[in-house]
Amino acid sequence: MQNPITDAEHRPAAERGPATGPLVRFDRVNKSFGDLTVLDRLSFDVDPGERVTLIGPSGSGKTTILRLLMTLEHVTPTKDPAAEGGVIWVEGKPLSHMEKGNRLVVANERHLRQARKKIGMVFQSFNLFPNMRVLRNVTEAQVHTLGRSKDEAEAKARELLDLVGLSAKVDNYPSQLSGGQQQRVAIARALAMDPDILLLDEVTSALDPELVADVLGVLRDVADTTSITMLIVTHEMGFARDVSNRVMMFDRGVIVEEGAPDEIFSDPREARTQDFLRAVLAE
Amino acid sequence: MNEWNNDTVVEVFPAMWEGFIVVLQVTLVAGLIAVLLGLLVAIAERIGPPWVRRVVSGVFQFIRNTPLLVQVLFVWTATSLYINPEWSAFAVGSAVLGVHYASYTSESYRAGIEAIPVGQWEAATALSLPTHRVWGAIVLPQLLRRSSAAVANWIIAMFKEVPTLFVIGVLEMIAQAQKYQGQHYDGAVEGYTIAGILFLAASYPVAVAARRLENRLAKSHY
């Protein structure tokens, strides 16, 4: 089934990546928790290789966007997805929905399990498996989700743990590592799955200030040396400025303003963005 | 009234020891049922389809809230009358005791599952791990660590309830003491005393070991 929304309709004004069609498309997506509407007919695209940072106050819907993409949350369904939208697309295929005949219906677990393989996520609280040593944390899903051999998975894990500076810690348990080290293992674990899209959800928020630089350094390396598409939720504005191609400012589930990092951080047009940045930079 | 007699102690002891072995055998069989069935119940209540959850939850609520003695007598009578009168009291009694205590161990497992941080489930989902790996490699190791001390305490409690099965003729220690008294018109006090001492001798070290296990697990890596 073709993506029903034309590029012209929803492409943002900011300069975009190659014109091969968006990798991620939010098409008038709604998300409510009970009476609380978190996302209100939200539409945006992300091109392959783009690094997009989502900023905005708490409760503005940034993390919900990442969680919807990771299928940890599900969109609030619309009656007729083909006409009303409410669908998330990845690589031109529906993620939140699946095709049934000529209709789009809400995706079942089997569809989601398949669709989410292209996406990796690094969480604020690391979420390493505490009963597994570092190496197994990075090999477990390679073997059991991707079907790689144990040797292949171990080689990949060692390579990535070396990249994040933790090759000496492969036999440690997560509890024997600092928060920054745990987060770097979590980054290696996500990268080991060769995702097309990497979601970073406030990955430094739970860290002591002196550990933040190491984690951001690793992510800068990843950004510099790979073409992985990234959606980043962060309060580290310096990092957002360095790494991203585009910044989207959210408030109450809608995009208030978006543009290149220099535009947004140096010359924000909207008063809401100005207030937010003033508050964040004053912290 | 018969007075305490050391010679009777010596005489009744072999029968009481025999009864004690039966208690251990019942504990082993019923304990296995309680440990495994309790785990299955907790998992079914977590991931089963809604109707399975409702049925399992209702049945085990019922079992938890009715006396063991009533269950033992009911199942023994019902199986003897309607299913197979050949089934032994040992088998029926062990099964009833195991299922009864599964209703308690399942609650300990359920608490252990609920205590696993939501981030663990989310990480497993984000990595698209198959369900059997999520449970086998992530949830169960963490769950068993959290629940093992509580489950061990239920098994100790169950061990002390094995004498309930004397009402259906399982030849555990109380039944042995009564049998001896029936034959000799003497020895009940000595028999019950030996039973108490044997229970204490067996359950105290296990309780201490369970506490040590709990302390050791608290210091482990996860």
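Everything numeric in this text was worked out from a predicted model, so none of it was measured.

Student: Explain the UniProt feature "domain: ABC transporter" (unreviewed entry) in chain A residue by residue, including any values.
Tutor: Here the UniProt feature "domain: ABC transporter" (unreviewed entry) sits at residues 24–277 of chain A. Taken as a whole, residues 24–277 of chain A contains 37% helix and 26% strand, while its terminal C-alpha atoms sit 26 Å from one another.

Student: Go over the sheet that holds strand β3 (residues 51–55) of chain A with me, naming the residues and quoting the values.
Tutor: Residue and element names in this part refer to chain A. The six strands lie next to each other as β8-β9-β10-β3-β11-β12, forming an open sheet whose pairing is mixed. One side of each edge strand has no neighbouring strand; the edge strands of this open sheet are β8 (119–122) and β12 (254–259). This sheet shows a mean twist of 20° between the axes of neighbouring strands, independent of strand direction. One ladder, built from five bridges, connects strand β11 (residues 246–251) with β12; its direction is antiparallel.

Student: Can you explain the sheet that holds strand β5 (residues 93–94) of chain A? Please cite residues and give values.
Tutor: All names here are of chain A. Ordered by their spatial adjacency, four strands build an open sheet running β2-β1-β4-β5, and the pairing between neighbours is antiparallel. Either end of the sheet is taken by a strand with one partner, and the two such strands are β2 (36–46) and β5. Two strands pair when backbone bridges link them, and strand β1 (residues 24–33) and β2 are joined in this way by seven bridges, in the antiparallel orientation. Bridge pairing in β2 links Lys-31 to Leu-39. With respect to the sheet, helix α2 (residues 62–69) is in contact with β1, β2 and β4 (87–90), its orientation differing from that of β1 by roughly 115°.

Student: So what's going on with the UniProt feature "transmembrane region" (unreviewed entry) in chain B? Which residues, and what values?
Tutor: Residue and element names in this part refer to chain B. The positions UniProt marks with the feature "transmembrane region" (unreviewed entry) are residues 20–44, 151–171 and 191–210. Each end of residues 20–44 is marked by a C-alpha atom, and these two atoms are 35 Å apart; helix forms 100% of the span and strand 0%. Between the first and last C-alpha atoms of residues 191–210 the distance is 28 Å; the span itself is 100% helix and 0% strand.

Student: So what's going on with the packing of helix α4 (residues 89–114) of chain B against helix α6 (residues 131–161) of chain B? Residues and values would help.
Tutor: All names here are of chain B. Remark: α4 packs on α6, axes separated minimally by 8 Å, with the N-to-C direction vectors making an angle of 150°. One way to sum up the angle between α4 and α6 is to call them roughly antiparallel. Of the two elements, α4 crosses α6, and the hand of that crossing is right-handed. Contacts between α4 and α6 involve Leu-97, Tyr-101, Tyr-104, Thr-105, Ser-108, Tyr-109, Gly-112 and Ile-113 from the first element and Val-139, Leu-143, Arg-146, Ser-147, Ala-150, Val-151, Trp-154, Met-158 and Glu-161 from the second. Looking at the contact of α4 with α6 residue by residue, the classes come out as eleven nonpolar, four polar and two charged.

Parameters at a glance
- Residues numbered from 1 in each chain as written.
- Chains lettered and ligands numbered in written order.
- Predicted model: local features only at pLDDT ≥ 70, side-chain atom pairs only at ≥ 80, totals over all residues.
- UniProt positions renumbered as here; feature names shortened; annotations may be inferred.
- Helix = DSSP H or I, 4+ residues; strand = E, 2+ residues; numbered from the N terminus.
- Pairing = 2+ DSSP bridges.
- Axes fitted to C-alpha atoms, helices over the stretch in contact; angles between N-to-C directions.
- Contact = placed C-beta atoms within 7 Å.
- Parallel < 35°, antiparallel > 145°, perpendicular 65-115°, else oblique.
- Left-handed = near helix turned anticlockwise from the far one by under 90°.
- Nonpolar A, V, L, I, M, F, W, Y, C, P; charged D, E, K, R; others polar.

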